[in-house]
Amino acid sequence: MKFIVSSSYLLKQLQVLGGVINNSNTLPILDNFLFELDGNSLTVSASDLETTMMAKLEVESEDNGTIALPARLLLDTLKTFPEQPLTFTQEENNTVEISSNHGKYALAYADGAEFPNAVSLEDPSIVKIPSNVLATAISNTIFASGNDDLRPVMSGVFFQFATDGLTFVATDAHKLVKYSRTDVTASQTAEFIMPKKPLNLLKSILGSNDEEITVAYNDSNARYTFENVELICRLIDGKYPNYEAVIPKENPNRLTIDRNQFLNSVRRVSIFSNKTTHQIRLKIAGAELNISAEDIDYSNKAEERLTCDYQGDDMQIGFNSRFLTEMLNNMNANDVSLEMSLPNRAGILTPIDGLDEGESVTMLVMPVMLNN
């Protein structure tokens, strides 16, 4: 088999697929890209058994064939080429020769038949989501998902599709994010838990356009199809915790503040906090918010005063500054509101502006105990 392809076009597609490949694979064949040539259409696949990603490329060729080429070697080589046509030729001695304008490079290939087949979805349900909606949903939630192997359901993002809208939820038991859209709906209700790795891959390739992405899913797998790329992944098995139960409904104390000012203050003050608890204290009275932190072991402490808009009783509440910083960082609003009921109940952070029609974000952060 023989084909001609543009070097930068091939590199761009392979870099996306390269994100699927693990650094250490149990099966050596998974260190390869699978090339399937059918005339002038070339399909390249990468897999780690859980997630498989495929891209269709246009090439110049009249041949057919299937081979597996070493991913790392191919990527490292392509990165060094300026834009030019490359000719790939399968040789007799089990190598593929790549010819460029200036030289020839031979690499050993493996038999394409050894490469694991992608899962085919039996009788899937289908929903279409605009690319920018899915990208925003992923980036708004993925940072809040957990890393605990003992609780795998919390290490992914919970997708809830309904006829009146879509909801995406992530939590690690300390913080929770719920992102909803009422402007995009599904034809039937469904829910599943998406692992983090394929979501990060999707996030890196989804555009900011409103091109439709087709999501097909059944009980065990999901498939995302758009433009020339297809991603199939295994879903996390298990029941997602009842997140609605932990979101406090009655929150009489409401603080409204400029997001940037709040974020910068929390960042500065947290430098002086205890390095294991990262605890900061919010003390709110009238229109004044007092943010403080203290590391008793080193006699370090910091305190800042900000003006804010506050309705409610005077109160003191402690938070882990890292969670607060992460949440404020992932909002693109100018002003945010923090709603609280008691110092031992979760605070609810929501953006006040910067949202599209039909879009809503609720972020919940658990307090830490203050030792007075």
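Just above, that's the structure.
Residues numbered from 1 in each chain as written. Predicted model: local features only at pLDDT ≥ 70, side-chain atom pairs only at ≥ 80, totals over all residues. Heavy atoms only, no water.

Engineer: Just give me the short version of the sheet that holds strand β10 (residues 125-130), but keep the residues and values in it.
Structural biologist: Spatial ordering of the open sheet is given by β9-β5-β2-β3-β4-β17-β16-β15-β10, a layout of nine strands whose pairing is antiparallel. Of all the strands in the sheet, just β9 (110-111) and β10 have a single pairing partner and so form its edges. Here seven bridges tie strand β2 (residues 32-38) to strand β5 (residues 64-70), and the two strands are oriented antiparallel to one another. Bridge assignment links F35 to a residue of β5, and that residue is I67. Of the strands in this sheet, β2 and β5 touch helix α2 (residues 71-79), which is tilted by about 85 degrees from β5. (Pairing = 2+ DSSP bridges. Helix = DSSP H or I, 4+ residues; strand = E, 2+ residues; numbered from the N terminus. Contact = heavy atoms within 4.5 Å. Axes fitted to C-alpha atoms, helices over the stretch in contact; angles between N-to-C directions.)

Engineer: Hey, could you go over the packing of helix α5 (residues 259-270) against helix α6 (residues 321-329) for me, with residue numbers and the actual values?
Structural biologist: Look at α5 against α6: their axes get within 10 Å of each other, and the N-to-C directions meet at 150 degrees. When the axes of α5 and α6 are compared, the pair comes out roughly antiparallel. Here α5 runs over α6; the crossing is left-handed. Here R259, F262, L263, V266, R267 and S270 of α5 lie close against α6, whose contacting residues are S321, L324, T325, L328 and N329. Considered class by class, the residues forming the contact of α5 with α6 number five nonpolar, four polar and two charged. (Parallel < 35°, antiparallel > 145°, perpendicular 65-115°, else oblique. Left-handed = near helix turned anticlockwise from the far one by under 90°. Nonpolar A, V, L, I, M, F, W, Y, C, P; charged D, E, K, R; others polar.)

Engineer: Could you give an account of the sheet that holds strand β6 (residues 85-90), with specific residues and numbers?
Structural biologist: What the four strands build is an open sheet, ordered β1-β6-β7-β8; its pairing is antiparallel. At either margin of the open sheet sits one strand with a lone partner, and together these are β1 (2-6) and β8 (104-108). When the angles between neighbouring strand axes are averaged without regard to direction, this sheet yields 20 degrees. As paired elements, strand β7 (residues 95-99) and β8 share five bridges and run antiparallel to each other. Within β8, the position partnered with S99 by the bridge is K104. Relative to the sheet, helix α1 (residues 7-18) contacts β1 and β6, its axis offset from that of β1 by approximately 90 degrees.

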